[in-house]
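What follows is each chain in one-letter form.
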Amino acid sequence: MVSSVPGEAEQPEPELVEVEVGHTALLKCGLSHAQGNLSHVDWFSVHKEKRMLIFRVRQGQGQSEPGEYHNRLSLQDKGTTLVLTGITPHDDRIFTCQGKRRAQEHRIRLRVYKAPEEPSIQVNTLGISVNSKEPVEVATCVGRNGYPVPQVTWYKNGQSLKEEKNRVHIQSSQTEESSGLFTLRSVLQAQVSKEDKDLSYRLPSGNHMKESKEVTVPVFYPAERVWLEVEPEGMLKEGDRVEIRCLADGNPQPHFSIIKQNLNTREMEEERTDDNGVLAGARGNPTRPVLPDPTAAPPDVSDVRVSPAAPESQEGSSLTLNCEAESNQDLQFQWLREKTGKLLAKGQVLQLHSLKREEGGGYRCLASVPSVPGLNRSQLVNVAIFGPPWMASREKKMWVKENSELNLSCEASGHPRPSIVWSVHGTASEQDQEPQNVLSVLNVLVTPELLETGAECVASNSLGRNTTIIFLELDSNRTTNLSTSTISPPARANGTSTEKKLTEPESKGVVIVAVTVCVLVLALLGAVLYFFYKKGKLPCGRSGKQEITLPPSRKSEFVVEVKSDKLPEEMGLLQGSSGDKRAPGDQGEKYIDLRH
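Here's what I pulled together on the structure shown here. (Residues numbered from 1 in each chain as written. Predicted model: local features only at pLDDT ≥ 70, side-chain atom pairs only at ≥ 80, totals over all residues. Heavy atoms only, no water.)

It is worth spelling out the overall build of the chain at this point. For the chain, the helix and strand inventory stands at 4 helices and 43 strands. When burial is assessed residue by residue, the chain has 31% of its 596 residues classed as buried. Across the chain, contacts joining residues at least 24 apart in sequence account for 59% of those joining residues at least 6 apart. Surface accessibility of the chain: about 37600 Å² in total, with carbon and sulfur atoms responsible for 50%. (Helix = DSSP H or I, 4+ residues; strand = E, 2+ residues; numbered from the N terminus. Buried < 20%, exposed > 50% of the residue type's maximum accessible area, 1.4 Å probe, protein only. Contact = heavy atoms within 4.5 Å. Areas by Shrake-Rupley, 256 points an atom, 1.4 Å probe, with all protein chains shown as cover.)

Pairing within the open sheet is antiparallel, and its 3 strands lie in the order β27-β29-β32. The strands lining the two open edges of the sheet, one partner per strand, are β27 (305-307) and β32 (349-352). When the angles between neighbouring strand axes are averaged without regard to direction, this sheet yields 15 degrees. As defined by bridge partners, β27 adjoins strand β29 (residues 319-324) across 3 bridges and the pair is classed as antiparallel. Bridge assignment links R305 to a residue of β29, and that residue is E324. (Pairing = 2+ DSSP bridges. Axes fitted to C-alpha atoms, helices over the stretch in contact; angles between N-to-C directions.)

Here strand β8 (residues 81-84) shows two buried faces, one formed by T81 and V83 and the other by L82 and L84. Pairing analysis gives 4 bridges linking strand β3 (residues 25-28) to β8, with the strands arranged antiparallel. By the bridge assignment for β8, L26 is matched with V83. Where strand β7 (residues 73-76) meets β8, 4 bridges bridge the pair, whose relative direction is antiparallel. When the bridges of β8 are listed, S74 appears paired with V83.

What follows covers the side chain of D92. Positionally, D92 belongs in the loop between β8 and β9 (93-98). There is a polar contact of 3.3 Å between the side chain of D92 and the backbone nitrogen of V112. Leaving out residues up to four positions away in the same chain, D92 has contacts with R109, L110, R111, V112 and Y147. (Polar contact = N/O pair within 3.5 Å; in protein donor to acceptor, adjacent residues only side chain to side chain.)

So, about the pairing of β29. By the alternation rule, side chains of β29 split into L319, L321 and C323, which are all buried, and T320, N322 and E324, of which none is buried. Pairing geometry for β29 and β32, over 4 bridges, is antiparallel. Note that in β32 the partner of N322 across the bridge is V349.

As C-alpha cells, then:
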C-alpha cells in the first residue's frame, strides 16, 4: 500500500535510532495514550517522500504486509516495539507508527552505519623534490565498504591538513557497491620543503570510522654541508684497518670522492667511495687521507732486538738479557716465558740467576705502546743450558698387539742439541720441539723378536749420552699381570726415580683378583673340612660325643649317627603328641641317609 505523506503544518523531530549494518533495530512506538490504544496500530516506512504500510497490529497480534520487509518484522514488549532484523543500508529511512485515530503518530529516524575496512594508504615511493613549484601527489588512501559515505581527513605529524591554494589539495571520489556500501578514494597533493623530510601522514579514526597506518614520504633536497668521519676514533697504528666516511645533509646522499696524499710521491690522488660514502683503507696502506693534520706521523714501533741473540750458559750460573726498540710514543717492555705465557719481569732487562736445566727454552720480549691498544711488537730468544742429553724416563712399558704396526716415541733435550738412534730397525722421523729438544718417532712392526728384545732409544751429544728402554707386552697378558698387587715403577733417567702409584683401573683389577683368591681359598678349606668330617676325624659338640658310623646292616650306605647327651627325661619332652615311648636303650640315635 503506497500513499503520499500527509501535509502537516509542523511535525516534531523524529526519534533517532542508530543501528549497525547486519544488526537488529528495535522501533518503539511512543504514542502518548494508554496501552489499550496500541491494540490497533499501523507501521509505515517513508522513503523518498513515499509512505508504505509494512505492518499491522490488531488486538495485540501483528501481521507483515507483502514487500521488502516481509518476514523481517515481529512484535516485542506486548506489542509496543517493532523488531526489524538484518539491517542493510537500504533501511536508512523514517518509520512511523499510527494509532486508530490518524492524528496519533510517532516518527522514528533509523540511521544505519558501518565502519569501513582499515584504510589502505600508498605513498609516493619515487619521492618528492623540494624544487617542485606545484603540489605533487604525496599519498593515496582507499577506504572500502563503509556507510554512509566515509569522510576523509588527512593529518601531517598529528595536525589536520586543509585545502590551501598552491600548497595542499585533497581530491576524493566515491563508488557505491551493490550492497549499498561505499568505497572512497582520496588523493593528497602537497608542496614540500626540506623540513618535511621526517613528516608522516595518516587518516585518523572518528565516529564509526577507521584509522590508517602512518607513512613517511621521501623528500629530496640538495646538500648544504659535507663532513668526514673516521672509524675507529682515537690514535691509530700502522696496519690498522680504517674506514673514512664522507657524509652530507642532502637526500639522497650524493656520490663522493675522497682525495688523499701519497706519502711516496707527495701527490694528491682521488679515490671513489662506495655507495655509502665509505673509503676503506687496507692494512699497511702507505697513503694518508686529507685530514686536519696530514703531516702527523702515525704511531709505530720498530723491530724489537734482544741481546745476546743466542744466549748460552752453564747450569747453576747467571744470565742477563737486554731488550731494545724505538717508537715515536712512550714504550713499555715486558718479559714472558714462551712455553707458559707467564709474566717474568717488566722493563728492558731480564736477570736469570742459578740457572737450572728446566729453565732453558724460549723467552719473549714484548714492546707495546700503552696509549694505542694493540700496538706492539715482540722478539723470541732461546736460552740454551749446556749439558748431556736429558730424558723423561729410563724405562717404559707399552701394551701392543702382535703383527700390528706401532709408533715408538722418544724425547730428549740438551745443549748441544742431541741426536737420537734406535736399537731396532724401522722408519724413523724427527720433530723439532725447541732448539734444544728433539722428538724421534719410530714406526715398527710388532714381531716375536721385538716382543722379546724390546727397543732402546739412545740420545747423545758432545757432553754425554742417555738411553730409554721400551718394553713391549701383549694385550692378552694384561689380565694376568693384574694379579700382581705391587707394581715397580720404571727408573727415571739422569739418576732419579720416583714412586709410581697404581692408577684407578689397576687398583680395581688388584682388588678383584684378591677377592677371587680369597673365595678359592675358602672353598678349598671347606672341602678339606668336609673330607675330615666324612672320615669321622673331626670332633663335634661341646660335652657329648658325635660320630660318623656305618651300621652293619647298611654297609653300602653313608649314614651319620648322632648321639645326644640329653637325659631320658629330657628326651621325653621331644616325643610326638601321641605319647609313644622309645624302646629301652634308645638314646635318640638318628641315621641320616647321605646317598641322595
